[in-house]
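An overview of the molecular structure
One-letter residues, chain by chain:
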Amino acid sequence: KMNINSSDIIKKLMSRGIMVTINQQIDYDNAVQIAEEYGFLVDKKEEDDENINILDEEDDEKDNEEELLPRPPVVTVMGHVDHGKTSLLDAIRKTKVSQHEAGGITQHIGASVVEINNKKIIFLDTPGHEAFTAMRARGASVTDIAILVVAADDGVMPQTIEAINHAKAANVPIIVAINKIDKPNANPDRVKQELTEHGLVPEDWGGDTICVNVSAHLKTGIDTLLEMVLLVAEMQELKANPNRNAKGVIIEAQLDKTKGPVATVLVQKGTLKTGDVIIAGSAFGKVRAMFDDKGKKIKKATPSTPVEVLGLSDVPEAGDVLVALQDEKKARLIVEKRKEKYREYKIKQKQKISLDELFNQIKEGNIKELNIILKADLQGSVEAIQQSIEQLSNDEVRIKVIHGAVGAITETDVMFAAASNAIIIGFNVRPDSKAKSLAEKEKVDIRLYRIIYDAIDDIKAAMKGMLEPEF
Ligand code: GDP
């Protein structure tokens, strides 16, 4: 409004020891003083900001069925360590990113777009159920399909089972890639047998789990695998309305020395455009520029497109929701208010179920299902406890062990509990120190027992609201 070059203002601020970029807001007092230095008189206008809801991330107009158009699927690769997740992702990218696009070089922005039969598939670059569940714990569900990699020479291993349970709890369909079939000791049938024991019955054995033999090394089976992804995506009828304000999720963000805050957004609804006013977490800005996964500058990003966005004031967190708003003033107000209240809001959002709270939550109708993650010292105990506690289900609440395994309670277990609103029961095992501090941060209830009946008694008592408080 003063018609003064922004760089002059930035210089003035710097001389006051305030380091800001053009995308940032400055406080009122400094703004007044600087305006006065240029001979302007500032008149403060009170905003009618009572109606602004800081949680109003959506600004959500409901989408009509007829406005929805098909969108590409978003895929995460999971599986046991060393079974070939990274190699498979590399093989897919190398064979399926068309060579004429920007020299065929993929930029690392956190997700890649590949093409098969003229259809797109988006792969998240960080493989593993840990990353998948960490996003879910932050409230963001971006994955439509999980590819479970199982090495044909090694079979189903503990993290394979973890991955299966993490995907199942999130209701994400699983396609199995039986990898390393080039190895002389590869035994795909053994893998299928073991998968069956964990509830994934292969199609050719009469079940509904799609299994594809692949070799990341020889790059065989890749096309079939991707065609199966498209098939499953088609059955899911993934759709979004491209003609509305954009809404998406931050999948990566960092501070770049020259570019400032850089965030990769996976657009979920609407179309994100250069110049859009955006908020993400407690960051605010205007889309200054966007780049796709090939590093190409683009002006528009439609649903399921991952884009690197420049122009935010701060670095948002992975998992934060990004929305584009029409009204810049409103966006500013939301962010202003969030700055004060966001911590409170985040903490509140984190309140998880605890055994002490179970009865009240059931009575208030807040929960119908108690999810439990069970860790024990012996496989026999896992099975015995799982059976006994699932039998405690009644008309009001169903008790469900979403993951049971042998071993100490890990960070991954805690993240899984946070993402699935579960409590963790440890039988003759303890959380490691990282898991313990994460549980405190994520407000996950961990209960440790040495006697099976104590665990059962506690859950019974909690269901009736008669649990002795823990000190
Ligand atoms: P990740 O830990 O699941 O990401 O596994 P990696 O992709 O790092 O692979 C683990 C090891 O298995 C590496 O030494 C790879 O070279 C090897 N590997 C991966 N895929 C194949 C394959 O298809 N055939 C063979 N023979 N080895 C493979």
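Procedures and definitions
- Within every chain, residues take consecutive numbers counted from 1 along the sequence as written.
- At least 70 in pLDDT is required for a residue's local features to be given in this predicted model, at least 80 for side-chain atom pairs to be given and counted, and no such filter applies to totals for whole chains, interfaces and linings, which use all residues.
- As a rule here, side-chain values come from all non-hydrogen atoms in the structure, and water together with hydrogens is ignored.
- To qualify as a helix, a DSSP run of H or I must reach at least 4 residues; to qualify as a strand, a run of E must reach at least 2; elements of each kind are numbered from the N terminus.
- Computation of the radius of gyration draws on C-alpha atoms, with the globule rule given as 2.2 Å multiplied by the number of residues to the power 0.38.
- Relative accessibility decides the category of a residue: with a 1.4 Å probe and only protein chains considered, values under 20% of the type maximum give buried, values over 50% give exposed, and everything between is partly exposed.
- We call two residues in contact when some of their heavy atoms are within 4.5 Å.
- A 1.4 Å probe and the Shrake-Rupley method give the accessible areas. Residues count as covered only by the protein chains that appear here.
- Neither His nor the chain ends contribute to the count of charged residues, in which Lys and Arg are positive and Asp and Glu negative.
- In plain terms, the charge of a residue is placed at NZ if it is Lys, CZ if Arg, CG if Asp and CD if Glu.
- In this text, buried Ala, Val, Leu, Ile, Met, Phe, Trp, Tyr and Cys residues form a nonpolar core when linked through side-chain atoms within 4.5 Å.
- One heavy atom within 4 Å of a molecule or strand is enough for the residue carrying it to be called near that molecule or strand.
- For this analysis, a polar contact is any N or O atom pair within 3.5 Å, provided that within protein one partner can donate a hydrogen and the other can accept it, and provided that sequence-adjacent residues contribute only side-chain to side-chain pairs.
- Residues were grouped as follows: Ala, Val, Leu, Ile, Met, Phe, Trp, Tyr, Cys and Pro as nonpolar; Asp, Glu, Lys and Arg as charged; and all remaining residues, including Gly, as polar.
- A strand pair is defined by DSSP finding two or more bridges across the two strands.
- Fitted lines through C-alpha atoms serve as axes, helices being fitted only where they are in contact, and the angles separating the N-to-C directions of these axes extend from 0 to 180 degrees.
- Looking down the strands as they point away from you, a crossover is right-handed if its path from the first strand over the helix to the second goes clockwise.

1. Structural notes on the overall build of the protein
The secondary structure content of the protein amounts to 13 helices and 21 strands. In terms of overall dimensions, the protein is globule-like: its C-alpha atoms have a radius of gyration of 25 Å, near the 23 Å expected for 471 residues. Along the longest, intermediate and shortest principal axes, the C-alpha atoms of the protein span 80 × 65 × 45 Å. Burial statistics for the protein: of 471 residues in total, 49% are counted as buried. If you take every contact in the protein between residues at least 6 apart in sequence, the share linking residues at least 24 apart comes to 72%. Accessible area for the protein stands at about 23,800 Å²; split by element, carbon and sulfur atoms hold 48% of it. Mean positive and mean negative side-chain charge positions of the protein (62 and 76 charges, respectively) differ by 4 Å.

2. Some words on the side chain of Lys192
Inspection of the secondary structure puts Lys192 in helix 6 (residues 188-197). Those residues in contact with Lys192 that lie beyond four places of it in its chain are Ile178, Pro202, Asp204, Trp205 and Cys211.

3. Notes on helix 4 (residues 129-137)
Burial analysis of helix 4 places seven of its nine residues in the buried class, the great majority of the element. Every buried residue of helix 4 is accounted for by His129, Phe132, Thr133, Ala134, Met135, Arg136 and Ala137. Packing partners of the buried residues in helix 4 comprise strand 2 (74-79), helix 5 (158-169), strand 9 (247-256) and helix 11 (411-420).

4. Description of the nonpolar core
Across soluble globular proteins, you tend to see nonpolar side chains buried next to one another. Counting residues in each nonpolar core, the largest one holds 27 residues, and the members touching the most others are Leu88, Ile92, Ile121, Phe123, Ile147 and Leu225. Taken together, the elements giving at least two residues each to this core come down to strand 2, helix 3 (85-96), strand 3 (111-116), strand 4 (119-124), strand 5 (145-151), strand 6 (174-179) and helix 7 (222-236). Here the element with the most residues in this core is helix 7; it accounts for seven residues. For Ile147, the residues in contact, after removing those within four places along its chain, are Val75, Thr76, Val77, Met78, Leu88, Phe123, Ile175, Ala177, Leu225 and Val229.

5. Topic: the site of the ligand
Around the ligand, 15 residues are found, and the nearest of them are Asp82, Lys85, Thr86, Ser87 and Asp182. The separation between an oxygen atom of the ligand and a polar main-chain atom of Asp82 is 2.8 Å. Ser215 is positioned such that a nitrogen or oxygen atom in its side chain is 3.4 Å from an oxygen atom of the ligand. In the complex, 75% of the free accessible area of the ligand, which totals 580 Å², lies under the protein chains. Residues that form the shell around the ligand fall into these classes: two nonpolar, eight polar and five charged.

6. Details of the sheet that holds strand 18 (residues 369-376)
Overall, parallel pairing links the four strands, which are arranged 19-18-20-21 in an open sheet. Two strands close off the open sheet at either side, each with one partner strand: strand 19 (398-406) and strand 21 (446-449). If you compare each strand with its neighbour and ignore which way they point, the axes differ by 25° on average. Two elements, strand 18 and strand 19, share eight bridges in a ladder whose sense is parallel. Its bridge partner being in strand 19, Ala376 is matched across the sheet by Val406.

7. A short note on the sheet that holds strand 3
One open sheet holds the six strands; their spatial order is 3-4-2-5-6-7, and the pairing between them is mixed. The open sheet is flanked by strand 3 and strand 7 (211-213), the only strands paired with a single partner. This sheet shows a mean twist of 30° between the axes of neighbouring strands, independent of strand direction. As paired elements, strand 2 and strand 5 share five bridges and run parallel to each other.

8. Focus: the pairing of strand 20 (residues 422-427)
With six of six residues buried, strand 20 is to be regarded as a mostly interior element. Note that strand 18 and strand 20 share six bridges and pair parallel. Paired with Leu374 across the strands is Ile425, a residue of strand 20. Taken together, the four bridges between strand 20 and strand 21 define a ladder with parallel strand orientation. Within the sheet, the bridge partner assigned to Gly426 lies in strand 21 and is Leu448. As for the winding sense of the linkage, the β-α-β connection from strand 20 through helix 12 (residues 433-442) to strand 21 is right-handed.

The analysis is restricted to geometry; functional conclusions fall outside its scope.
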